[in-house]
Amino acid sequence: NAGVMQNPRHLVRRRGQEARLRCSPMKGHSHVYWYRQLPEEGLKFMVYLQKENIIDESGMPKERFSAEFPKEGPSILRIQQVVRGDSAAYFCASSPPSEWGEKLFFGSGTQLSVL
Amino acid sequence: AQSVTQLDSQVPVFEEAPVELRCNYSSSVSVYLFWYVQYPNQGLQLLLKYLSGSTLVESINGFEAEFNKSQTSFHLRKPSVHISDTAEYFCAVSDQGFQKLVFGTGTRLLVSP
């Protein structure tokens, strides 16, 4: 039973380019969460999605950031026109629908570096 | 808003010695508290959690943490560490449900022979 899969592990982009981060939840999990860890800070909640629905995006920056979790395929976190301040580790987590969620299952993260 | 403080960014310790990783959170009426561990090149894994009931919670690999409401702390302890415990440990708190965990900056535990 594979865990939460994130790819790529490392992503390098130049300022102004787009970054697409992918997350495949564990089998049977229909809830996906994205967290961001800026240098020297703790992980911060960004967005919570269920299949085809954004449940809570209160942690998402208002511009350039978007997330989706389509009916088929992985969840995508998209960052348009990246800036140096977007450099961070982006973690995806998933949980099954019937569990309160006190046990999030995390992926290994994508390290985004903006040159 | 909730916040979590992990004062120690790195804790070096010898194998078989005891260890305590400190975690303090900002006060709230009721909170849920977690410790996650991240081994090298892996995702975060839940180590233990406090939701309600007994203030002392234990993990299957010998770690324990005690919820102290008066001191707003949830320190993690192990009486005798192993080399394999070398990892990054994150304390997290939630008062809004499971999707909005607030994490500390992490403590890197380095166990040497």
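Model, not experiment: these values are computed from the prediction.

Peer 1: So what exactly am I meant to see when it comes to the side chain of Arg 36 of chain A here?
Peer 2: Residues and elements named next belong to chain A. Relative to the assigned elements, Arg 36 resides in strand β4 (residues 31-37). Asp 86 is the oppositely charged side chain nearest to the buried, salt-bridge-free Arg 36, at an N-O distance of 4.2 Å. Sequence-distant contacts of Arg 36, defined by excluding residues within four places in its chain, comprise Gly 42, Leu 43, Lys 44, Met 46, Pro 61, Phe 65, Asp 86, Ala 88, Ala 89 and Tyr 90.

Peer 1: Whenever I open this one, the nonpolar core confuses me. Can you help?
Peer 2: The nonpolar side chains of soluble globular proteins are, as a tendency, buried together. Residues and elements named next belong to chain B. One finds Trp 35, Leu 48, Phe 74, Leu 76 and Tyr 89 to be the most contacted residues of the largest nonpolar core, which totals 28 residues. Of all the elements in the fold, those that place two or more residues in this core are β2 (10-14), β3 (19-21), β5 (32-38), β6 (44-50), β8 (64-68), β9 (73-78), β10 (87-94) and β12 (107-112). The contact partners of Tyr 89, leaving out residues within four places of it in the chain, are Gln 6, Leu 21, Trp 35, Tyr 36, Val 37, Leu 47, Phe 63, Leu 76, Gly 106, Thr 107 and Leu 109.

Peer 1: I'm lost on the packing of aromatic side chains in this one. Help?
Peer 2: The way to describe two aromatic rings as a pair is by their centre distance and the angle between their planes. Taken as a whole and assessed by the stated rule, the structure comprises 12 aromatic pairs over all chains. Each ring, one from Tyr 25 of chain B and one from Phe 67 of chain B, has its centre 6.4 Å from the other, and the planes form 25°; the classification is stacked. Residue Tyr 25 of chain B is found in strand β4 (residues 24-25), and its partner Phe 67 of chain B is found in strand β8; the two are separated by 42 residues along the sequence. Exposure class is identical for Tyr 25 of chain B and Phe 67 of chain B. Each is buried. Consider the rings of Phe 34 of chain B and Tyr 36 of chain B, whose centres lie 6.4 Å apart with planes at 35°: the pair is tilted. The exposure class assigned to Phe 34 of chain B is buried, which follows from its relative accessible area of 1%. Within the aromatic cluster, the residues linked to one another by ring pairs are Tyr 35, Phe 45 and Phe 106 of chain A together with Phe 34, Tyr 36, Phe 90 and Phe 103 of chain B.

The rules we used
Residues numbered from 1 in each chain as written. Chains lettered and ligands numbered in written order. Predicted model: local features only at pLDDT ≥ 70, side-chain atom pairs only at ≥ 80, totals over all residues. Heavy atoms only, no water. Helix = DSSP H or I, 4+ residues; strand = E, 2+ residues; numbered from the N terminus. Buried < 20%, exposed > 50% of the residue type's maximum accessible area, 1.4 Å probe, protein only. Lys, Arg positive; Asp, Glu negative; His and termini not counted. Salt bridge = Lys/Arg side-chain N within 4 Å of Asp/Glu carboxyl O. Contact = heavy atoms within 4.5 Å. Core = buried A, V, L, I, M, F, W, Y, C linked by side-chain atoms within 4.5 Å. Phe/Tyr/Trp six-rings, centres within 6.5 Å; stacked < 30°, edge-to-face > 60°.

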